[in-house]
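An overview of the molecular structure
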Amino acid sequence: MFPKYDVIVVGGGHAGCEAAVAAANMGSKVLLATMNMNTIAQMSCNPAMGGVAKGQIVREVDALGGYSGIVTDHTMIQFRMLNRSKGPAMWSPRAQSDRMRFAEKWRLMLEAHPNIDFWQEMVTGIIVKDGRCGGIRTGMGIEIESKSVVLTNGTFLNGLIHIGEKNFGGGRAGEKAATGITEQLIELGFESGRMKTGTPPRVDGRSLDWNKMEVQPGDEVPGKFSYTDTPKLAKQRPCHITYTNKAVHELLKTGFDRSPMFNGRIRGLGPRYCPSIEDKIERFADRDRHQLFVEPEGWNTIEIYVNGFSSSLPEDVQFKAMQLIPGFENAKMFRPGYAIEYDFFPPTQLKVSLETRLVSNLFFAGQINGTTGYEEAACQGLMAGINAHLAINEEEPFVLKRSEAYIGVLIDDLVNKGTKEPYRMFTSRAEYRILLRQDNADLRLTPLAKALGMKGLDERMSRVDHKKEETKVIEKYIRKTGISPDAINAYLESMDSAPLKQQVKLHSILLRPQVDLAGLRQALPQLEEDLSKFDAEAVGLAEINLLYEGYIRKEQEMVDKMNRLESVRLYEDFDYEDLIALSNEAREKLNQLKPRTIGQASRISGVSPSDISILLVHMGR
């Protein structure tokens, strides 16, 4: 009935979709197995992609040939570049998406791929022979063979939904939990744990008083995520902002005795950076109000997502408290918020390729590894899909360094440090964030994907080469063009910047703190005419390169030093017990995690600088 596949991907969420596409674009024959084909790429929580550090990840996924950025550009209803008031290392794109169109676009793109087949059924186990994964077993007892398997089960593994004192099995509202896989993996020797996440109520937009809320429009000139030729956003839907108040908090407290969070029924740890409203009230008792983002779910639907009001309190308490929020006095609820507990597997059981240590050719990606967020899941799926293909072809794994991508930071953190709570990416987690900006992900990563053999990147590479060339030309032009006092002094005085007394290069004016290239283009018609010939992305990149030249050079020097440690390879079968000079903890951790390089070893919790020195001496360095 079934051919033998190269890669089987279990789960059709963001990790599963990217894993299937990545393996298929590498040339593997892929089967995507999901319990419900109607919920492929479902936005289970908020209808948005990107955000702080997450936006950088989406652009990195796109630069590597993934589809998340393309799908987002085709289906977004609003775009904002966050952190514009800060330096460009912090700029983070974020888009509100049309939930239904997003899932539809993903499914249509998957169905259009000749290397991807589908099977709709619960997967209850994997086939393992001689320590190697060789396929899946379904609820109907069907066995489907493959050379490798990627598990991307999201919140479905023994998922348990909580609303007040009620709880019932489910992986998402209206969908049943997945069983069997956890139990088998534990039998095979894997360690598992429980995590918790939550979602807010959905409400009827017709019942809200929008005049009582602050309007949050999109950017005047909206950007996009993909480096390909995706459509530009012509019109946008606004979001709105409102706030809770003391009355809301007091009413919510009346349900605390029935809260599964406070009475011990939820054992899993929830996300630190996206807490429920009851958790916020408890942890920040001095706060009189909390901000809520009121987000439309699409172009035409009346359904509204209340971002910031995630809750597992009884539905009657949620409803009564919500009607005390300004603008929500007559709110009608479509469904209450809920918490969900699910199984995960501590990611220290993985290699940096996301292949498990215990079973070869078995890969984990997404929330099964303890992460939270669509973007974190998508990038893991992409990397697992690539490495599943490479593994079955006996090629070296594709591993991104911390200096090359936020994806590299995320996977390095997970594998070397593990996580006891849902892991979320932030710009602060990256040591080299000046190098890892959202505007240069294509320059950093598309050549790497092309060199790997990823199909369909010819147009992307020509765009990268064009952008690189244009950026050099613009930088040279700005460094060499002279500006006279007569041409620029009026503008400088309007910016409270000292006027010129003689001709200077345009570069020196651009470096002044009050000045930017947009202002100079308005003040100097010839500059505007010359720069208008180039792509806006190349102009923006050139400006950043010139403004932050010293910082970029210094950070690159730090990377070069660190890469010397990354180049010292360690043997996977090395027995660290033989090195008695190492501390006991270092020997234990190194034997457990088997780092690929000295650099990776240096980031393992419990391995000290003196331990690294001992390893370097042993390796003849």
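Everything in this summary refers to the structure shown in the same document. Because the structure is predicted, anything quoted here is derived from the model rather than measured.

Rules behind the numbers
Residues numbered from 1 in each chain as written. Predicted model: local features only at pLDDT ≥ 70, side-chain atom pairs only at ≥ 80, totals over all residues. Heavy atoms only, no water. Helix = DSSP H or I, 4+ residues; strand = E, 2+ residues; numbered from the N terminus. Rg over C-alpha atoms; globule rule 2.2 N^0.38 Å. Buried < 20%, exposed > 50% of the residue type's maximum accessible area, 1.4 Å probe, protein only. Contact = heavy atoms within 4.5 Å. Areas by Shrake-Rupley, 256 points an atom, 1.4 Å probe, with all protein chains shown as cover. Disulfide = S-S within 2.5 Å. Lys, Arg positive; Asp, Glu negative; His and termini not counted. Salt bridge = Lys/Arg side-chain N within 4 Å of Asp/Glu carboxyl O. Polar contact = N/O pair within 3.5 Å; in protein donor to acceptor, adjacent residues only side chain to side chain. Pairing = 2+ DSSP bridges. Axes fitted to C-alpha atoms, helices over the stretch in contact; angles between N-to-C directions. Expected span 1.5 Å × (residues − 1). Parallel < 35°, antiparallel > 145°, perpendicular 65-115°, else oblique. Left-handed = near helix turned anticlockwise from the far one by under 90°. Nonpolar A, V, L, I, M, F, W, Y, C, P; charged D, E, K, R; others polar. Phe/Tyr/Trp six-rings, centres within 6.5 Å; stacked < 30°, edge-to-face > 60°. Lys NZ or Arg CZ within 6 Å of the ring centre and 35° of its normal.

Here we come to the overall build of the protein chain. What the protein chain contains, in helices and strands, is 21 helices and 22 strands. What you see for the protein chain is a C-alpha radius of gyration of 26 Å, in line with the 25 Å of a compact globule of 621 residues. When its C-alpha atoms are laid out on the principal axes, the protein chain stretches across 80 × 70 × 50 Å. The buried share of the protein chain, taken over its 621 residues, is 57%. Long-range contacts, defined here as pairs at least 24 residues apart, represent 72% of the contacts in the protein chain between residues at least 6 apart. For the protein chain, the accessible area works out to roughly 26000 Å², and carbon and sulfur atoms hold 50% of it.

The tally for this structure, following the rule as stated, stands at zero disulfides. Free cysteine: Cys133, not disulfide-bonded; nearest cysteine sulfur from Cys17 at 20 Å. Residue Cys133 is classed as buried on the basis of its relative accessible area of 2%. For Cys239, which is in no disulfide, the shortest distance to another cysteine sulfur is to Cys45 and amounts to 14 Å. Residue class for Cys239 comes out buried when judged on its relative accessible area of 2%.

Along the chain, the position of Glu278 falls in helix 7 (residues 277-283). We note that Glu278 is buried and unpaired, the nearest opposite charge coming from Lys196 at a distance of 6.3 Å. A polar contact is formed between the side chain of Glu278 and the backbone nitrogen of Ser312, at a distance of 3.0 Å.

In a beta sheet, neighbouring strands pair by backbone hydrogen bonds and run either parallel or antiparallel. Across the sheet, which stays open at both edges, the four strands sit in the order 11-10-19-12 with antiparallel pairing between neighbours. Each of the sheet's edge strands pairs with one partner strand only, and the pair in question is strand 11 (166-169) and strand 12 (193-199). On average, each strand axis in the sheet is inclined to that of its neighbour by 25°, with strand direction left out of account. Where strand 12 meets strand 19 (residues 338-344), seven bridges bridge the pair, whose relative direction is antiparallel. Within strand 19, the position partnered with Arg194 by the bridge is Asp343.

Let's shift gears to the pattern of salt bridges. Taken as a whole, this structure holds 40 salt bridges when the rule is applied. Residue Asp458 pairs with Lys450 through a salt bridge whose shortest N-O separation is 2.3 Å. Using a relative accessible area of 35% as the deciding quantity, one classes Lys450 as partly exposed. Here Arg463 makes a salt bridge to Glu459, at a shortest N to O gap of 3.1 Å. Here Glu459 and Arg463 lie together in helix 12 (residues 458-480), a separation of four residues that amounts to about one turn.

What the six strands build is an open sheet, ordered 14-15-16-17-13-18; its pairing is antiparallel. Strand pairing shows two members of the sheet lacking a second neighbour, strand 14 (214-216) and strand 18 (333-335), which therefore form its edges. The average angle at which neighbouring strand axes cross in this sheet is 35°, direction not considered. Across three bridges, the pairing between strand 14 and strand 15 (residues 239-243) is antiparallel. Across the sheet, the residue bridging to Gln216 is Cys239, located in strand 15. Contacts from helix 8 (residues 315-322) reach strand 13 (202-204), strand 17 (303-307) and strand 18, with the element oriented near 150° to strand 18.

Direction of pairing for strand 15 relative to strand 16 (residues 291-296): antiparallel, over a ladder of four bridges. In the strand pairing of strand 16, Tyr243 is matched with Gln291. Relative to strand 17, strand 16 runs antiparallel, the two being bridged by four bridges. Following the sheet pairing, Phe293 is matched in strand 17 by Asn307. Between strand 16 and strand 17, which pair antiparallel one after the other, the connecting turn spans six residues.

Turning to the side chain of Arg172, a few remarks are in order. Within the secondary structure, Arg172 is located in the loop between strand 11 and helix 5 (181-187). A polar side-chain atom of Arg172 sits 2.8 Å from a polar atom in the side chain of Ser44. Of the polar contacts made by the side chain of Arg172, one reaches the side chain of Glu175; its length is 2.7 Å. Not counting residues within four places of it along the chain, the set of residues in contact with Arg172 comprises Thr39, Gln42, Ser44, Phe156, Ile161, Tyr338 and Ile340.

Time to look at helix 1 (residues 14-26). For helix 1, built from 13 residues, the straight-helix expectation of 18 Å at 1.5 Å per residue is met to within 8% by its first-to-last C-alpha distance of 18 Å. Burial of helix 1 is extensive: 13 of the 13 residues sit out of reach of the surface. Where helix 1 ends, the next residue or the one after it, Gly27, has phi of about 115°, a positive value.

With respect to the secondary-structure elements, Lys4 resides in the segment before strand 1 (5-10). Through-space distance from the C-alpha of Lys4 to that of Gly223 is 43 Å; in sequence the pair is 219 residues apart. If we ignore the near neighbours within four places in the chain, the residues touching Lys4 are Glu145, Ser146 and Lys147.

The next subject is the packing of helix 12 against helix 17 (residues 536-547). Their axes nearest at 8 Å, the elements helix 12 and helix 17 cross at an angle of 55°. Considering their axes alone, helix 12 and helix 17 lie oblique with respect to each other. In the crossing of helix 12 with helix 17, the sense of the turn from one axis to the other is right-handed. Each of Lys467, Glu470, Thr471, Ile474, Glu475, Ile478 and Arg479 in helix 12 lies in contact with helix 17, whose residues at this interface are Glu537, Ala538, Val539, Leu541, Ala542, Asn545 and Leu546. Along the lines of polarity and charge, the residues of the contact of helix 12 with helix 17 split into seven nonpolar, two polar and five charged.

Right, let's get into the packing of aromatic side chains. Counting across every chain of the model gives eight aromatic pairs. Look at Phe2 and Trp119: their rings are 4.9 Å apart centre to centre, the planes differ by 90°, and that puts the pair in the edge-to-face class. Of this pair, Phe2 sits in the segment before strand 1 while Trp119 is found in strand 6 (residues 116-120), placing the two residues 117 residues apart along the sequence. When the centroid spacing of 5.8 Å and the interplanar angle of 35° are considered together, the rings of Tyr67 and Trp106 count as tilted. Here Trp106 lies in helix 4 (residues 99-111) and Tyr67 lies in the loop between helix 2 (54-63) and helix 3 (68-75), a separation of 39 residues in the sequence. An identical accessibility class is assigned to Tyr67 and Trp106; each is buried. Members of the aromatic cluster, joined through ring pairs, are Phe190, Phe345 and Phe364. In this structure, Arg59 packs its charged tip against the face of Tyr227, placed 4.1 Å from the ring centre.

The next thing to look at is the packing of helix 6 (residues 246-253) against helix 8. Relative orientation of the contacting elements helix 6 and helix 8 amounts to 170°, with a least axis distance of 9 Å. Overall, the two elements helix 6 and helix 8 adopt an arrangement that is roughly antiparallel. Residues Val248, Leu251 and Leu252 of helix 6 form the contact with helix 8, whose participating residues are Val317, Lys320 and Ala321. Looking at the contact of helix 6 with helix 8, its residues break down into five nonpolar, no polar and one charged.

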